[in-house]
Amino acid sequence: MSIPLACLTSLNSHRCTADIEGNPSEFVFAGKYGFGIANKQTGEYRWIKKVWDEMEVAAGKPEKYRGNDGAVDSQGRFWAGFMFDPLTSEWAEEGALFRLNTDGTLDRPLSNITIPNGTTWNKDDNTMFWADSPFKTIYQFDYDAKTGAISNKRPFFTMPEDNRYGKDAVPDGHCIDEEGYMWTALHGGSHVLRISPQGEIVAEIKVPTQQPTCPCFCGEDLIITSAGGTSGPDGKGVDEFAGSVFKINVGVRGLKRFKYKGGVDVEGGKVNGQVVGE
């Protein structure tokens, strides 16, 4: 049975963001240098936590790396992965997954990663899922919701060895529905897959672009973003619908999304009450 697919053209892009509990006028983001907070109306922003230590700053990491994908857990902590910035550096496996806690402190649960994507948690809130895309694998961890600790890393889903979705297809962003199934975009594979709690492919959606990036739920609709970029002919996108946003009704809702619980008390990035940008 075919399912109608609607297409909306995307005009803008950004790194991962999250709403803030008790602060409807601003949002928290993971950007070039670390975590920041931005005003939804004016775009004015401030950095609240730079992620790299003194040795890493001396080695030039703030200029060579950037934030990528992330999410907020059930306790209101904001997780975000940082990777090499293709605009300023070469390929490197020295990225990290950071966790911005509700009191503004920072932890680094994972190091030596490449392209982090798709941080989610299961319905029981005892397993975390996370992808390092170049390894073609979505990993799962034992997760302690109270402390935020993760352990026991092991594969949850690995791309089929027969390359049925193309040799360049890798898991990108993902989300989880209320039945416990994961939906993951295949960057370079023109598909979004539905994966069972056992890690098996049970359904697929073909999208009219090579590089879908992340699905998310709006009611029973799955919203699917895609990469734009300039890797196609003459510096254009890879295909006609590169950078577009798609919508498809899948008949199931997603799990609840959470807000960062730093609230209005997270006031980093100000000097004498004035916002300081860079």
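Going by the structure above, here's the rest.
Sequence order as written defines the numbering, with residues in each chain counted from 1. Given that the model is predicted, a residue must reach a pLDDT of at least 70 before its local features are reported, and side-chain atom pairs must reach 80 or more before they are shown or counted; all residues, however, enter totals for whole chains, interfaces and linings. Side-chain measures here rest on the full set of heavy atoms in the structure, leaving out hydrogens and waters.

(A) View of the side chain of Ser196. Note on conventions: DSSP H or I runs of at least 4 residues are helices, E runs of at least 2 residues are strands, and numbering of each starts at the N terminus. Mapping Ser196 onto the fold places it in the loop between strand E16 (191-195) and strand E17 (201-206). When accessible area is computed with a 1.4 Å probe and restricted to protein chains, residues below 20% of their type maximum are described as buried, those above 50% as exposed, and intermediate ones as partly exposed. Taking relative accessible area as the criterion, Ser196 reaches 4% and is therefore assigned buried. Here, two residues are considered to be in contact whenever any of their heavy atoms come within 4.5 Å of each other. Excluding residues that lie within four positions of it along the chain, Ser196 makes contacts with Phe156, Tyr181 and Val202.

(B) Expanded view of the nonpolar core. Nine residue types can take part in a nonpolar core, namely buried Ala, Val, Leu, Ile, Met, Phe, Trp, Tyr and Cys, and a core is a set of them joined through side-chain atoms within 4.5 Å. If you look at the biggest cluster of nonpolar residues, it comprises 23 residues, and the most contacted ones within it are Val28, Phe35, Phe78 and Phe82. Only strand E2 (17-20), strand E3 (23-30), strand E4 (34-39), strand E6 (65-72), strand E7 (78-84) and strand E8 (95-100) provide two or more residues apiece to this core. Among the elements that take part in this core, E7 stands out by supplying five residues, more than any other.

(C) Geometry of the packing of aromatic side chains. Here the aromatic set is Phe, Tyr and Trp, taking the six-membered ring for Trp, and pairing holds for ring centres within 6.5 Å; pairs whose planes are under 30 degrees apart are stacked, those over 60 apart are edge-to-face, and all others are tilted. With the rule as written, the count across this model stands at 19 aromatic pairs. Consider the rings of Phe27 and Phe29, whose centres lie 6.5 Å apart with planes at 65°: the pair is edge-to-face. The exposure class of Phe29 is buried, given its relative accessible area of 13%. An angle of 85° between the planes, with centres 6.0 Å apart, marks the rings of Tyr45 and Trp47 as edge-to-face. Owing to a relative accessible area of 9%, Trp47 belongs among the buried residues under this scheme. An aromatic cluster is built from Phe35, Trp52, Tyr65, Phe78, Phe82 and Phe98, whose rings are joined through pairwise contacts. A ring has a charge above it when a Lys NZ or an Arg CZ is no more than 6 Å from the ring centre and no more than 35 degrees off the ring normal. Stacked on the ring of Tyr139, the Lys or Arg Lys153 has its end atom at 4.4 Å from the ring centre.

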